[in-house]
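Summary of the model geometry
Take a look at the letters that make up each chain.
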Amino acid sequence: LVEALRMSDFQNFVVTLGASGALAMWQGSWLGRIPAPTIVPVNTLGAGDIFGAVLVAEALNRRPISAALRLAISTASRSVTRRIWVQQLAVPKA
């Protein structure tokens, strides 16, 4: 997948790798793999959403993409070290 993206006409992309961090190309420059910190995961629910939200917010604030990626990876990594309780909704049977 990554090699296909690198060979394509895409100038910008990010591929998340979970505990291994992320791979990125930005404005046609290969940034390579940005590592994630070593953590003990408790619950990975929402980690990708957190990564995406932080990355977009930082990009909109014109933060350099390498710094935005590091912050997004760090924040998503920290988020999986905590137990998140999600209340399940009862859905009536049709």
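Check the entry above for the structure.
In this text the structure is predicted, and so the values were computed from the model without any measurement. (Residues numbered from 1 in each chain as written. Predicted model: local features only at pLDDT ≥ 70, side-chain atom pairs only at ≥ 80, totals over all residues. Heavy atoms only, no water.)

We now examine the nonpolar core. Judged by nonpolar contacts, the single largest core of 13 residues is most densely connected at Ile 34, Phe 51, Leu 55, Ile 65, Leu 69, Ala 72 and Ile 73. Formed by 6 residues, the second largest nonpolar core is a distinct cluster that contains Val 2, Leu 5, Val 15 and Leu 23. (Core = buried A, V, L, I, M, F, W, Y, C linked by side-chain atoms within 4.5 Å. Buried < 20%, exposed > 50% of the residue type's maximum accessible area, 1.4 Å probe, protein only.)

Moving on: helix α2 (residues 47-60). At 3.6 residues per turn, the α-helix brings residues three or four places apart onto the same side. For α2, spanning 14 residues, the distance from its first C-alpha to its last is 20 Å, which sits close to the expected 20 Å at 1.5 Å a residue. The complete set of buried residues in α2 reads Ala 47, Phe 51, Val 54, Leu 55 and Glu 58. Taken end-on, α2 shows its buried residues confined to a sector of 100 degrees, consistent with a single buried face. Turned more than 90 degrees away from the buried face of α2 sit Asp 49 and Leu 60, all of them exposed. Those residues of α2 hidden inside the fold are in contact with β1 (13-16), β2 (22-26) and α3 (65-79). Looking one or two residues past α2, Arg 62 carries a phi angle of roughly 60 degrees, positive in sign. (Helix = DSSP H or I, 4+ residues; strand = E, 2+ residues; numbered from the N terminus. Expected span 1.5 Å × (residues − 1). Arc of directions from axis to C-beta. Contact = heavy atoms within 4.5 Å.)

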